[in-house]
Amino acid sequence: MRLRNWGMMKLEIESDNVDSPEQFKPRKHIRGVRLHFLPESYKGKPELYQDIEYVKVK
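The shown structure was predicted, so the numbers you read here are calculated from the model rather than taken from an experiment.

Cut-offs applied
Residues numbered from 1 in each chain as written. Predicted model: local features only at pLDDT ≥ 70, side-chain atom pairs only at ≥ 80, totals over all residues. Heavy atoms only, no water. Helix = DSSP H or I, 4+ residues; strand = E, 2+ residues; numbered from the N terminus. Contact = heavy atoms within 4.5 Å. Polar contact = N/O pair within 3.5 Å; in protein donor to acceptor, adjacent residues only side chain to side chain. Pairing = 2+ DSSP bridges.

K.L.:
What should I look at first to understand the environment of His36 in this one?
P.N.:
Here His36 is to be found in strand E3 (residues 30-39). Along the backbone, His36 and Lys10 are 26 residues apart, and their C-alpha atoms lie at a distance of 5.1 Å. With residues near it in sequence (within four places) discarded, His36 still touches Met8, Met9, Lys10 and Glu12. Of the polar contacts made by the side chain of His36, one reaches the side chain of Glu12; its length is 3.1 Å.

Have a look at this one:
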């Protein structure tokens, strides 16, 4: 999903592999869900993000 003048959000789902779609059970096979936000930038950081620091979480 793109938010104009803000950035983009991306959903990531981590799951176990299964041999066929019929075998997939969400409660059993989904291990994690993450929402990523990627700020929009043309040249440097937009004013909205000037004081934000990005820290990688382990």
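K.L.:
Where do I start with the sheet that holds strand E2 (residues 7-15) in this structure?
P.N.:
The antiparallel open sheet is built from three strands, whose spatial order is E1-E2-E3. Either end of the sheet is taken by a strand with one partner, and the two such strands are strand E1 (2-3) and E3. As judged from the two bridges shared by E1 and E2, these two strands associate in the antiparallel manner. Residue Arg2 lies in a different strand from E2, and its bridge partner there is Met8.

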